[in-house]
Amino acid sequence: MISKDKLQENVNAVKSDTKIALQTLYDSLNPGQRKKAVKNAEVKAIFDRYGVEYEG
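Everything in this summary refers to the structure shown in the same document. (Residues numbered from 1 in each chain as written. Predicted model: local features only at pLDDT ≥ 70, side-chain atom pairs only at ≥ 80, totals over all residues. Heavy atoms only, no water.)

Remarks on the overall build of the chain
Point 1. In terms of regular secondary structure, the chain is built from 3 helices and 0 strands.
Point 2. Going residue by residue from the N terminus, the α and β elements of the chain occur as α-α-α.
Point 3. Over its C-alpha trace the chain gives a radius of gyration of 14 Å, far above what one expects of a compact globule, namely 10 Å for 56 residues.
Point 4. Expressed as a percentage of its 56 residues, the buried residues of the chain come to 12%.
Point 5. Contacts spanning at least 24 positions in sequence make up 52% of the contacts within the chain whose residues lie at least 6 apart.
Point 6. Per element, the accessible surface of the chain, about 4,600 Å² overall, is 55% carbon and sulfur.
Point 7. Distance from the positive charge centre (10 side chains) to the negative charge centre (8 side chains) of the chain: 6 Å. (Helix = DSSP H or I, 4+ residues; strand = E, 2+ residues; numbered from the N terminus. Rg over C-alpha atoms; globule rule 2.2 N^0.38 Å. Buried < 20%, exposed > 50% of the residue type's maximum accessible area, 1.4 Å probe, protein only. Contact = heavy atoms within 4.5 Å. Areas by Shrake-Rupley, 256 points an atom, 1.4 Å probe, with all protein chains shown as cover. Lys, Arg positive; Asp, Glu negative; His and termini not counted. Charge placed at Lys NZ, Arg CZ, Asp CG, Glu CD.)

Regarding the nonpolar core
Point 1. L22, Y26, V38, F47 and V52 form the largest nonpolar core, which has 5 residues in total.
Point 2. Discounting residues that sit within four places of it in the chain, Y26 has contacts with R34, V38, F47, V52, E53, Y54 and E55. (Core = buried A, V, L, I, M, F, W, Y, C linked by side-chain atoms within 4.5 Å.)

Written out as structure tokens, the structure is:
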């Protein structure tokens, strides 16, 4: 059985990896694609959940 601390550590690692991946994806878009992506409510909610820095 996994300890609560180890579980939290694993969750934090996955969240961090996800944030980095989403930030990299966003940063690779051109300005028009960035604007369009953030207009999508679902994408914006995911960016907000993972702390992705975006303009919009």
